[in-house]
Amino acid sequence: QVQLVESGGGLVQAGGSLRLSCAASGRTWRRYAMGWFRQAPGKEREFVAGISWSGSKIYYADSVKGRFTISRDNAKSTAYLQMNSLEPEDTAVYYCAADYNDDPRSPHAYWGQGTQVTVSS
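Residues numbered from 1 in each chain as written. Predicted model: local features only at pLDDT ≥ 70, side-chain atom pairs only at ≥ 80, totals over all residues. Heavy atoms only, no water.

When you look at the overall build of the chain in this model, what are you seeing that I'm missing?
Looking only at helices and strands, the chain has zero helices and 11 strands in total. Counting helices and strands in the order they occur from the N terminus, the chain gives β-β-β-β-β-β-β-β-β-β-β. Rg of the C-alpha trace for the chain: 13 Å, near the compact-globule value of 14 Å for 121 residues, within the 12% margin. In terms of overall dimensions, the chain has a C-alpha envelope of 40 × 25 × 25 Å along the principal axes. For the chain, long-range pairs separated by at least 24 residues make up 57% of all intrachain contacts whose partners lie at least 6 apart in sequence. Looking at the chain as shown, the accessible area adds up to about 6200 Å², and 46% of this sits on carbon and sulfur atoms. The average position of the 13 basic charges and that of the 11 acidic charges among the side chains of the chain differ by 7 Å. (Helix = DSSP H or I, 4+ residues; strand = E, 2+ residues; numbered from the N terminus. Rg over C-alpha atoms; globule rule 2.2 N^0.38 Å. Contact = heavy atoms within 4.5 Å. Areas by Shrake-Rupley, 256 points an atom, 1.4 Å probe, with all protein chains shown as cover. Lys, Arg positive; Asp, Glu negative; His and termini not counted. Charge placed at Lys NZ, Arg CZ, Asp CG, Glu CD.)

Below, the structure written as structure tokens:
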């Protein structure tokens, strides 16, 4: 099992940047994909970005390509989401996810509690 804790959310002006972190604990010596999802009020949770154990496979939602960057540091058992050029449409609760199925397109077995990102205009 993997426990996940997100941090780094907050309030930012449009055009600004934030970096989210996801710290994993538990059986972090096993290979697992990690990813980020988000959910805005009244909307379904959607995939944002995912990364395989080795970092060789990375996927992004079309809405964030060119603006967001996902990365991971397995020595620290931590994944990151660097968010640049933020827009009000990016406002949502962001959730970290992990899955021992090392498929970065859909990690969903374990979830963090979420961190709020609010972008003002």
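What exactly am I supposed to notice about the packing of aromatic side chains here?
How two aromatic rings sit relative to each other is given by the distance of their centres and the angle of their planes. Counted under the stated rule, the structure contains five aromatic pairs. Summarising the aromatic geometry, the rings of Phe-37 and Phe-47 are spaced 5.6 Å apart at their centres and angled 75° between planes, so their arrangement reads as edge-to-face. Note that Phe-37 is positioned in strand β4 (residues 33-39) and Phe-47 in strand β5 (residues 46-51), a separation of 10 residues in sequence. Its relative accessible area of 10% is what places Phe-37 among the buried residues. Take Phe-47: its relative accessible area is 21%, and that puts it in the partly exposed class. One aromatic cluster is present, formed by Tyr-32, Trp-53, Tyr-100 and Tyr-110 through successive ring pairs. Of note, Arg-30 hangs over the ring of Tyr-100, and the distance from its end group to the ring centre comes to 4.0 Å. Positioned above the aromatic ring of Tyr-95, the side-chain terminus of Arg-45 is 3.8 Å from the ring centre. (Phe/Tyr/Trp six-rings, centres within 6.5 Å; stacked < 30°, edge-to-face > 60°. Buried < 20%, exposed > 50% of the residue type's maximum accessible area, 1.4 Å probe, protein only. Lys NZ or Arg CZ within 6 Å of the ring centre and 35° of its normal.)

What should I look at first to understand the pairing of strand β7 (residues 68-73) in this one?
Each regular strand displays side chains that alternate between the two surfaces of the sheet. Only one face of β7 is buried, namely the one carrying Phe-68, Ile-70 and Arg-72, since none of Thr-69, Ser-71 and Asp-73 on the opposite face is buried. The turn joining β7 and strand β8 (residues 78-83), which pair antiparallel and follow one another in sequence, is formed by four residues; a positive phi near 55° is taken by Ser-77. (Pairing = 2+ DSSP bridges.)

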